[in-house]
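Below are the chains, spelled out letter by letter.
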Amino acid sequence: CSDEKETDMQPIPAGILMHIPDGFLNVLVSAVCWLLTLVILGIAVANTRRELDERLVPLAGIMAAFIFAAQMLNFPVAGGTSGHFIGAALAFIVLGPWLGLLAMTAVIAVQALLFQDGGLVVMGANILVMGVVPGFLAYYIYKLGHGRSGRAQTLLAGVAAWLSVVVASATVSLLLAFSGTSALGIVLPAMVGVHALIGLGEALITVAALAFIRQTRPALLAGGQETGRGAWVVAGLAIALLLVLLAPFASGHPDGLEWVAETSGFLHTAQGAPYAILPDYTIPFLGQTGLSTIVAGLVGVLLVAGLVFLAARSLRRRSLA
């Protein structure tokens, strides 16, 4: 019996449930999330095609690569849990909301389709809670600091990044409650509580990244008026690849969502993907080794960077046609 189950549906290894898996949300909630996500993505594509500065095209690919790599680095949180960088706040602030959303969508789609991280049926929900909700929230909070000093804007970005994670976790709680997976009174305080801590890591990484950009390429935070080519692009890709080298040292503790699912009693409802390509961010023939994780991460970084670069360039060319 166990062999048959493994053939039909790949199990989810313990400790790697980073995004919402299939089974946590019912079909109706998943469909509504897909509908909302597709409508917003359609708007994002239209606005990107109309407004995209060609000089931001390579930067979009590098930003997506950095976010993909950073998400592999789970960091420990109190209580035997871990968290990981989301990156929506950083992407939206640097790239603008529309191109930022497309970059986040590419990251989430590659994670689900290639690495089986996040369900296929619920991919619309994952894009909604990891891209749309935290990204727009953080972007408009950051915009409140327009005209203030660079330091004040950077600090405001940290607050926005932290709040984006907390609100995203509350949104997941609502989706779980609407699906009948867990009572809102149980899952909401648990999700918000653990993600309030995880959000601190999000804020620190976002502030550090923005401070680095402000020191090296300040024009990127003033409307994207500086080129994203040449040495800047090479340096950004090098940083993303360096982060991948650290992936084997990431925390093995359960992610915040997985920890809540386990303690709240609905972890068993998670369903793995019906296939496995590079599951658990590993290369199958290399096994569960550090080298396997690094190679898989390198594949993901290069693929995400390439996809976003080509998609953005294609949209830009169509806008000029």
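Above this text you will find the structure in question.
Here's a quick rundown of the structure. On a predicted model such as this, the values are computed, not experimentally measured, just so you know. (Residues numbered from 1 in each chain as written. Predicted model: local features only at pLDDT ≥ 70, side-chain atom pairs only at ≥ 80, totals over all residues. Heavy atoms only, no water.)

## Brief notes about the nonpolar core
Then step 1. The biggest cluster of nonpolar side chains holds 93 residues, and the ones touching the most others in it are Ile-20 and Val-94.
Then step 2. When sequence neighbours within four positions are dropped, the list of residues in contact with Val-94 reads Leu-59, Met-63, Leu-210, Ile-213, Leu-220 and Leu-221.
Then step 3. The next biggest cluster of nonpolar side chains, apart from the first, holds 6 residues, and it includes Ala-89, Ala-138, Ala-160 and Ala-161. (Core = buried A, V, L, I, M, F, W, Y, C linked by side-chain atoms within 4.5 Å. Buried < 20%, exposed > 50% of the residue type's maximum accessible area, 1.4 Å probe, protein only. Contact = heavy atoms within 4.5 Å.)

## Quick look at a nonpolar patch on the surface
Then step 1. A cluster of nonpolar side chains, contributed by Leu-28, Val-32 and Leu-36, occupies part of the molecular surface with about 280 Å² of accessible area.
Then step 2. On the secondary structure map, Val-32 appears in helix α2 (residues 27-51). (Patch = residues over 30% accessible without salt bridge, like charges linked within 9 Å, V, L, I, M, F, W, Y side chains within 5 Å. Areas by Shrake-Rupley, 256 points an atom, 1.4 Å probe, with all protein chains shown as cover. Salt bridge = Lys/Arg side-chain N within 4 Å of Asp/Glu carboxyl O. Helix = DSSP H or I, 4+ residues; strand = E, 2+ residues; numbered from the N terminus.)

## Side note on helix α6 (residues 123-143)
Then step 1. For α6, built from 21 residues, the straight-helix expectation of 30 Å at 1.5 Å per residue is met to within 8% by its first-to-last C-alpha distance of 29 Å.
Then step 2. In terms of burial, α6 is largely enclosed, as 17 of its 21 residues are buried. (Expected span 1.5 Å × (residues − 1).)

## Side note on the packing of α2 against α6
Two packed helices can be described by the angle between their axes and the distance between those axes.
Then step 1. Put simply, α2 and α6 touch, their axes get as near as 8 Å, and they point 50 degrees apart. Compared by their axis directions, α2 and α6 come out oblique. As α2 runs across α6, the sense of the crossing is left-handed. Side by side, α2 and α6 meet where Cys-33, Trp-34, Leu-36, Thr-37 and Ile-40 of the first sit next to Met-123, Gly-124, Ala-125, Ile-127, Leu-128, Val-132 and Phe-136 of the second.
Then step 2. Residues belonging to the contact of α2 with α6 are distributed by class as follows: 10 nonpolar, 2 polar and no charged. (Axes fitted to C-alpha atoms, helices over the stretch in contact; angles between N-to-C directions. Parallel < 35°, antiparallel > 145°, perpendicular 65-115°, else oblique. Left-handed = near helix turned anticlockwise from the far one by under 90°. Nonpolar A, V, L, I, M, F, W, Y, C, P; charged D, E, K, R; others polar.)

## Quick notes on the packing of helix α4 (residues 88-95) against α6
Then step 1. Close contact between α4 and α6 brings their axes to 8 Å; oriented N to C, the two are set at 55 degrees. Taken together, the axes of α4 and α6 are oblique relative to one another. Like other packed secondary-structure pairs, α4 and α6 cross with a definite hand, here right-handed. Counting all contacts with α4, which are made through Ala-88, Ala-89, Phe-92 and Ile-93, the residues of α6 involved are Met-130, Gly-131, Pro-134, Gly-135, Phe-136, Ala-138, Tyr-139 and Tyr-142.
Then step 2. Here the contact of α4 with α6 is built from residues that sort into 10 nonpolar, 2 polar and no charged.

## Here we look at helix α7 (residues 150-178)
Then step 1. For α7, spanning 29 residues, the distance from its first C-alpha to its last is 41 Å, which sits close to the expected 42 Å at 1.5 Å a residue.
Then step 2. A positive backbone phi angle near 75 degrees is found at Gly-180, which sits one or two residues after α7.

## Overview of the pattern of salt bridges
Then step 1. Enumeration according to the criterion identifies 1 salt bridge in this entry.
Then step 2. Glu-51 is the salt-bridge partner of Arg-50, the closest N and O atoms lying 3.7 Å from each other.

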